[in-house]
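# Architecture at a glance
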Amino acid sequence: MNTDVKKTKVGIIFDMPECGGCRTCEIACSFHHRGDFSPLNSSLKILDKKDRKGFNVLIINKSSKNNPVCDGCIDIDTPLCVQFCNEKEKLQEMIEAAKVVKEKSEK
Ligand code: SF4
Ligand code: SF4
């Protein structure tokens, strides 16, 4: 994938120029984990960018006391965050990439 990627202590930040910042993915993810609609309970964080088009997307893939770890929604065919995103293909790529990086770091 051509997306810029940056690793952090809790996860991976992807540059997503196509993201419109609706934050529906955060809500969908919180519903997946906790059955509520709180971005605080999401494994995805949509982060503002000051200098370029779009937003950054942080996918949490390491244990953190404040946020649930992304499990890739392995219990369903299409991750819930992806189902509600206007840029499904891009977000799906990021979820997959976050899983690959997590698996590599665990080896
Ligand atoms: S649902 Fe898609 S477009 Fe909306 S904020 Fe999340 S990644 Fe961006
Ligand atoms: S794939 Fe990860 S980020 Fe997306 S809804 Fe599922 S747990 Fe949340």
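Residues numbered from 1 in each chain as written. Chains lettered and ligands numbered in written order. Predicted model: local features only at pLDDT ≥ 70, side-chain atom pairs only at ≥ 80, totals over all residues.

## Structural notes on helix α1 (residues 24-34)
Put simply, the rule reads: The burial label depends on the number of other C-beta atoms within 10 Å of a residue's C-beta. Counts of 20 or more mean buried, 12 or fewer mean exposed, and intermediate counts mean partly exposed, with C-beta atoms placed from the backbone. Helical segments are the DSSP runs of H or I of at least four residues, strand segments are the runs of E of at least two, and each set is numbered from the N terminus.
Within α1 the residues assigned to the buried category are Cys25, Glu26, Ile27, Ala28, Cys29, Ser30 and His32. A positive phi of about 75 degrees marks Gly35, the residue just after α1.

## A short note on the pairing of strand β2 (residues 11-16)
Stated precisely, the cut-off is as follows: We treat two strands as partners when DSSP finds at least two bridges between them.
With three bridges joining them, strand β1 (residues 5-7) and β2 adopt antiparallel strand pairing. Counterpart to Lys6 in the pairing with β2 is Ile13. Two successive antiparallel strands, β1 and β2, enclose a turn made up of three residues. The pairing of β2 with strand β4 (residues 55-60) spans six bridges and is antiparallel. The residue bridging Ile13 from the neighbouring strand is Leu58, located in β4.

## Points about the environment of Asn41
The condition that has to hold: Throughout, a pair of residues is in contact if the C-beta atoms placed from their backbones lie within 7 Å.
Structurally, the position occupied by Asn41 is in the loop between α1 and β3 (44-47). Sequence spacing of Asn41 and Asn67 is 26 residues, and the spatial spacing of their C-alpha atoms is 5.8 Å. Filtering out sequence-adjacent residues up to four positions away, Asn41 remains in contact with Ser30, His33, Arg34, Asp36 and Pro68.

## What to know about the site of ligand 2
Formally: The rule is simple: place the C-beta atom from the backbone, and if it lies within 6 Å of a molecule or strand, the residue is near it. Note that Gly is not counted as nonpolar here; it falls among the polar residues with everything else outside the nonpolar set of Ala, Val, Leu, Ile, Met, Phe, Trp, Tyr, Cys and Pro and the charged set of Asp, Glu, Lys and Arg.
Around ligand 2 sit 14 residues in total, of which Cys29, Cys70, Cys73, Pro79 and Cys81 are the nearest. Secondary-structure elements contributing two or more residues to the shell around ligand 2 are α1 and α2 (80-83). Sort the elements by how many residues they give to the shell around ligand 2 and α1 lands first, with three residues. Tallied by class, the residues present in the shell around ligand 2 amount to 10 nonpolar, three polar and one charged.

These results come straight from atomic positions and should not be treated as a statement about function.
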